[in-house]
Amino acid sequence: TGPMSSECLGDFLRITLNAEYFEDKYLSLFVVDQSGTAWELDEAMAAQCGYTVTHTTCRSIQLRASALSCHSHLEKDVFTVTVQIKASHTPDMSNATTHLKSASCHYGPWSPREIKCENNYMEVSVRREVPQTIKDFVQDEPEDWTFVFPEAKAEEASIWQIVFHQPEEKRALLMSNAWSAGYGLNATDSRVLLRVPYTAIHVQLVKVGVLLLAPQAARLCRSNQIPSLQDQGIAFSVLRSSIFYKYQWVILMVDTAVACPLDGVDYTNKTITWTVPKYIPPLSAGMTSLKDVLVEAGVDLHKLSAKEMASRKYVLLNELTAITMKIPVGAEGGYYKTSVSNGQLGVKYTINLFLEHQWEDNKWGLTKHTIIKEIETPFEQAEVAITSSLNLSAGLMNVTVGTFLPDAELVNLTIEGVVVAVPEAVQQGYLIHRTRYANGSKAYAIQVPLDAPSIKKEYMREDMRAYTLNVTLTFITYPSSETFVVPVVALSAVKDAVLPSATGFCDGRNLHLIITRGNVDQNWLPFISDWHLTQEAAQKYNYILRDNGTHLAISVPFLSPHVSYEAFHTSAIKASFYLTLKDDITLAQRRDFSVSCLFSPSELIQCLPNGTVIITAVKLVGGEELDTALLVLRDRQCKPSLVTERTATFKFNVNTCGTSRKFNSTTVTYENEVLYFRPGDLIPIYQLKFLCFYAVEQTADVPYESKKNPPPSIKPGSGCLALSLKLFKEKSYSEPYQESEYPVVKYLREALYFEVELLQPKDARLDLNLDDCWVTNSQSQDSLPQWHILIHGCENNKDSYRSVFHEVNYSPRVKFPQHLKRFEVRMFTFVQGTSLLQE
């Protein structure tokens with residue numbers, strides 16, 4: 001309990017920083033000496049002073065200290081270490097809180113030579129041997145030492161210098177210089193210590209072989225004689241050195257060779273095999289015999305009994321030439337950790353083994369060799385399980401991702417290409433839960449609202465819809481800070497599709513289609529055949545298109561280019577309008593709708609009182625090859641005045657175009673027909689008869705009395721009239737030329753469609769009449785030459801292409817037809833003689 005806890009493990013003290021107290025904080029570690037001075041513990045100092053910092057699977061931090069570490073206090077085989085931790089929420093360590101921990105451990109008995117192999121340093125301590133003959137000698141004076149060896153200090157016992165035995169030379173360093181080079185040296189009353197970082201400049205890499213014994217060598221071993229060896233290449237980090245230290249008036253020398261294995265690990269059949277040779281030449285120099293005293297092993301510095309090893313399926317083999325440990329991958333005592341390779345998620349099994357080998361030889365007596373070995377298996381790719389389900393009632397998609405090891409943490413989500421941190425995703429409505437299991441692993445449950453941008457809804461078929469979640473999760477590993485991503489593409493299909501439906505009806509002149517939207521057509525577009533029906537396109541044909549998000553309403557006039565005429569009888573004509581909804585990306589046809597109605601044929605005929613007849617002929621379904629521009633009346637010189645793809649409109653007088661008439665007592669009947677002939681044929685393949693009935697004039701006696709009424713008169717007046725003259729692109733008068741499109745280029749005999757409109761006042765009692773209209777060769781209306789295209793409201797009869805008036809009818813744009821005049825003029829140019837005045 002508390003922020004820190006301690007544990008004594010042989011000649012090591014372990015202090016554990018509780019993750020609950022220090023998680024998500026910036027830390028600084030210090031070691032406090034006996035005077036109270038705090039020394040910051042960085043990587044270099046840790047290796048020089050006998051400290052190792054590691055991280056556990058639970059994200060706590062462990063600090064291991066050697067019994068002879070710097071700033072520890074050793075007294076009567078009890079060593080005490082004091083640690084200070086500063087923790088802050090910011091990297092500049094402002095407002096840091098300080099935690100202090102002091103712990104003591106008993107260690108003993110000491111062997112004459114003790115060698116430790118830690119993760120970041122090698123350490124050797126040797127018992128100091130004091131010559132018996134000088135024990136009672138009188139202490140010398142300091143100035144005597146200064147005269148002979150000025151480098152040697154005058155204290156009771158101190159290290160003077162260290163000599164490194166390199167293959168090519170020997171090199172001596174004074175203690176102060178060796179300390180500056182990163183070596184840790186110390187001398188107590190009873191021992192001399194050397195600590196060497198693996199990165200030290202004088203460290204050598206030496207291959208040490210496992211002994212292969214011939215029968216003769218085996219006999220030598222049984223008699224405790226050192227056999228010959230054959231190098232099989234286990235790499236050792238080796239430093240051969242001698243330390244000179246002063247004792248009273250004598251300078252003594254001690255061999256401080258140290259060697260630690262760097263490999264010797266093999267992975268086969270899901271088993272870790274760790275081999276350590278017993279005979280290590282740098283440590284066995286000068287020996288002639290070697291005898292095992294003790295071989296013990298364990299995990300995390302905890303020694304395990306034979307029974308405990310058997311329960312974990314560990315195997316410890318103390319063979320003639322080597323010590324071998326075999327650990328099943330995944331066995332108790334180790335742990336799996338998250339690993340990332342080339343962006344791929346994987347795992348590695350890690351176990352922190354240690355081996356203690358004590359032997360007796362004829363040079364050193366007893367040597368204790370303690371090796372701490374953190375073994376990590378090769379990268380093994382891992383698959384991430386992803387499950388999903390849909391909760392329609394709650395409006396959520398549930399996704400479970402994992403499991404993950406404790407050292408992996410979800411930090412970001414990529415949503416629609418934007419990276420957001422987990423707290424921000426929660427603010428956007430994503431519910432993220434972390435589930436922890438008994439073995440420390442965890443999984444993430446993510447609930448996403450169905451209306452979130454990362455969930456796409458797609459109509460599949462019939463009543464099925466697919467909900468697809470597409471997000472990318474970014475994880476970070478601790479403490480290595482590696483990142484990996486997990487793409488999440490979750491798909492759920494449910495029967496909740498509501499397709500759009502439609503109702504249709506007709507009034508006297510229009511076909512109406514009202515589509516009620518469902519939940520699958522947000523991106524479906526209305527099409528008439530291959531023509532996308534937009535608001536602008538609808539206005540072009542005087543269609544009415546309304547869309548309020550829930551309903552789409554289309555109104556189409558009976559006589560319009562996109563209405564199909566399927567049957568014709570004397571009493572009725574069947575007209576149909578077809579609409580298709582298509583996917584906005586693939587343009588795949590999703591839904592078809594239509595409305596069909598019977599209209600009176602009288603809708604196609606207008607018999608005006610002045611004897612003018614307007615008839616509209618329609619192309620029936622099945623007669624697609626018919627060209628409406630080639631329709632004629634009985635008099636084949638009478639051609640349509642207005643042509644569309646499906647209709648042709650004729651306007652003529654009953655006394656023309658081959659119209660016949662019949663009389664009876666009350667009516668006169670005019671009859672004609674619209675015909676279509678194939679080239680060279682005399683018999684029409686299309687025939688539409690029509691009749692106009694007019695009442696015969698009758699006379700009657702009407703008595704009246706004449707009164708002297710004043711004669712009618714017109715009073716001239718004055719006022720402001722707002723008028724406009726516009727040029728349109730076609731006969732439908734739906735799209736005028738804009739100001740940016742002038743000047744307009746036209747060729748001879750092309751039609752120009754003009755419209756004059758009374759803009760103000762909007763008075764239904766007013767009629768607009770055109771008197772004179774002329775064309776000039778320049779922008780000045782008074783310039784010469786001039787050509788009149790309207791004279792006293794009529795076309796110029798001297799013109800070979802006379803102006804044509806077009807009827808103006810009521811429409812959503814035209815509220816007062818009597819306020820507009822429309823006429824068509826054929827393009828011409830001015831000439832003088834045979835020369836063009838202007839193109």
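Per an unreviewed UniProt entry, the protein is named ZP2 protein, and its organism is Emberiza fucata.

## With respect to the overall build of the protein
Looking only at helices and strands, the protein has nine helices and 64 strands in total. For the protein, whose C-alpha radius of gyration is 53 Å, the value lies well above the compact-globule estimate of 28 Å for 839 residues. Overall, the protein is about 175 × 60 × 60 Å in size when its C-alpha atoms are taken along their principal axes. Sorting the 839 residues of the protein into buried and exposed places 42% on the buried side. Summing over all exposed atoms, the protein offers an accessible surface of approximately 46,100 Å²; the carbon and sulfur share of this is 52%.

## So, the pattern of salt bridges
In this structure the tally under the stated criterion is 29 salt bridges. With a shortest N-O distance of 2.3 Å, lysine 278 and aspartate 292 are connected by a salt bridge. With lysine 278 in the loop between strand E22 (271-277) and helix H6 (281-284) and aspartate 292 in strand E23 (residues 290-299), this residue pair connects regions lying 14 residues apart in the sequence. Of the charged contacts in the structure, one is a salt bridge between aspartate 583 and arginine 590, with a shortest N-O distance of 3.7 Å. Among the residues examined, aspartate 583 registers a relative accessible area of 13% and is labelled buried. Through salt bridges with shared partners, one network takes in Asp11, Lys116, Glu123 and Arg195.

## Re the nonpolar core
Counting 58 residues, the largest nonpolar core has Tyr183, Leu194, Val196, Ile327 and Ile351 as its most contacted members. Ranked by the residues each element gives to this core, the list is headed by strand E28 (residues 344-361), at five residues. Discounting residues that sit within four places of it in the chain, valine 196 has contacts with Tyr121, Met122, Tyr183, Val203, Leu239 and Val258. Within the second largest apolar cluster, 31 residues are counted, among which are Leu410, Val420, Ile455 and Leu473.

## Focus on empty space enclosed by the protein
Inspection of every chain in the model, using the stated rule, returns two cavities of 30 Å³ or more. Estimates place the volume of the largest cavity at around 50 Å³. Residue lining of the largest cavity: Val276, Pro277, Ile280, Ile323, Leu355, His357, His369 and Ile371, and that is the complete set. Residues of the lining of the largest cavity, tallied by class, amount to six nonpolar, two polar and no charged. In this structure, the second largest cavity occupies an estimated 30 Å³ of space. Contributing to the lining of the second largest cavity are Val399, Leu413, Tyr430, Ile446, Val448, Leu469, Val471 and Val488. Of all the secondary-structure elements, those providing two or more residues to the lining of the second largest cavity are strand E36 (442-449) and strand E38 (464-477). Split by residue class, the lining of the second largest cavity holds eight nonpolar, no polar and no charged.

## Topic: the layout of surface pockets
Here the second largest pocket defines a volume of roughly 1,500 Å³. Lining the second largest pocket are 36 residues, and of these Leu752, Phe754, Val775, Thr776 and Ser778 lie nearest its centre. Elements that contribute at least two residues to the lining of the second largest pocket include exactly strand E56 (722-728), strand E57 (751-760), strand E58 (773-776), strand E59 (786-791) and strand E62 (820-826). Counting residues per element, the lining of the second largest pocket draws most heavily on E58, at four residues. Of the residues contributing to the lining of the second largest pocket, the split by class is 23 nonpolar, eight polar and five charged.

## Comments concerning the domain arrangement of the protein
As far as domains go, the protein holds domain 1 (4-109), domain 2 (124-136 + 157-210 + 232-376), domain 3 (383-494), domain 4 (501-599), domain 5 (602-695) and domain 6 (722-836). Averaged C-alpha coordinates put domain 3 and domain 4 at centres separated by 42 Å.

## Details of the confidence of the model for the protein
In the predicted model, the protein carries a mean pLDDT of 85, and 91% of its residues have values of at least 70. In the predicted structure, residues 212-231 sits below a pLDDT of 50 and forms 31 contacts with residues beyond four places in sequence or in another chain.

## Some details on the pairing of strand E19 (residues 250-255)
Of the two faces of E19, the one holding Val250, Leu252 and Val254 is buried and the one holding Ile251, Met253 and Asp255 is not buried anywhere. Sheet analysis places strand E18 (residues 241-247) next to E19, joined by six bridges and oriented antiparallel. Across the sheet, residue serine 242 finds its bridge partner in E19, namely aspartate 255.

## A few points about the packing of aromatic side chains
This model, assessed by the stated rule, comprises 21 aromatic pairs. Relative to phenylalanine 475, the ring of tyrosine 444 lies with its centre 5.7 Å away and its plane at 65 degrees, an arrangement referred to as edge-to-face. Highlighted residues: tyrosine 444 in strand E36 and phenylalanine 475 in strand E38, separated in sequence by 31 residues. Accessibility assignment for this pair places tyrosine 444 and phenylalanine 475 in one class, buried.

## Some thoughts on the state of the cysteines
According to the stated counting rule, one finds six disulfides in the structure shown. Two residues, cysteine 8 and cysteine 105, share a disulfide whose sulfurs are 1.9 Å apart. Disulfide cysteine 8 to cysteine 105: torsion about the S-S bond roughly -85 degrees, handedness left-handed. Here cysteine 8 is found in strand E1 (residues 4-9), whereas its partner cysteine 105 is found in strand E9 (residues 97-106), with 97 residues between them in sequence. Using a relative accessible area of 43% as the deciding quantity, one classes cysteine 8 as partly exposed. Put simply, cysteine 607 and cysteine 692 are joined by a disulfide, and their sulfur atoms are 1.8 Å apart. Linking cysteine 607 and cysteine 692, the disulfide has an S-S dihedral of approximately -75 degrees and is accordingly described as left-handed. A residue pair is termed long-range when its members are at least 10 positions apart, and cysteine 607 in strand E49 (residues 605-607) and cysteine 692 in strand E55 (residues 686-695) qualify at 85 residues.

## A closer look at the sheet that holds strand E2 (residues 12-17)
One open sheet holds the four strands; their spatial order is E1-E2-E6-E5, and the pairing between them is antiparallel. Two strands in the sheet have a free side with no partner beyond their single neighbour: E1 and strand E5 (51-55). The sheet shows a mean angle of 20 degrees between the axes of neighbouring strands, taken without regard to direction. Sheet topology places E1 next to E2; six bridges connect them, and they run antiparallel. For leucine 9, the partnering residue across the bridge sits in E2 and is phenylalanine 12.

The rules we used
- Residues numbered from 1 in each chain as written.
- Predicted model: local features only at pLDDT ≥ 70, side-chain atom pairs only at ≥ 80, totals over all residues.
- Heavy atoms only, no water.
- Helix = DSSP H or I, 4+ residues; strand = E, 2+ residues; numbered from the N terminus.
- Rg over C-alpha atoms; globule rule 2.2 N^0.38 Å.
- Buried < 20%, exposed > 50% of the residue type's maximum accessible area, 1.4 Å probe, protein only.
- Areas by Shrake-Rupley, 256 points an atom, 1.4 Å probe, with all protein chains shown as cover.
- Salt bridge = Lys/Arg side-chain N within 4 Å of Asp/Glu carboxyl O.
- Core = buried A, V, L, I, M, F, W, Y, C linked by side-chain atoms within 4.5 Å.
- Contact = heavy atoms within 4.5 Å.
- 1 Å grid on protein atoms, 1.4 Å probe; cavity = no way out; pocket = protein on both sides within 12 Å on 5 of 7 lines; lining within 4 Å.
- Points joined across faces, edges and corners; volume = space filled by probe spheres on them.
- Nonpolar A, V, L, I, M, F, W, Y, C, P; charged D, E, K, R; others polar.
- Domains from an automatic or database assignment.
- pLDDT = per-residue confidence, 0-100.
- Pairing = 2+ DSSP bridges.
- Phe/Tyr/Trp six-rings, centres within 6.5 Å; stacked < 30°, edge-to-face > 60°.
- Disulfide = S-S within 2.5 Å.
- Axes fitted to C-alpha atoms, helices over the stretch in contact; angles between N-to-C directions.

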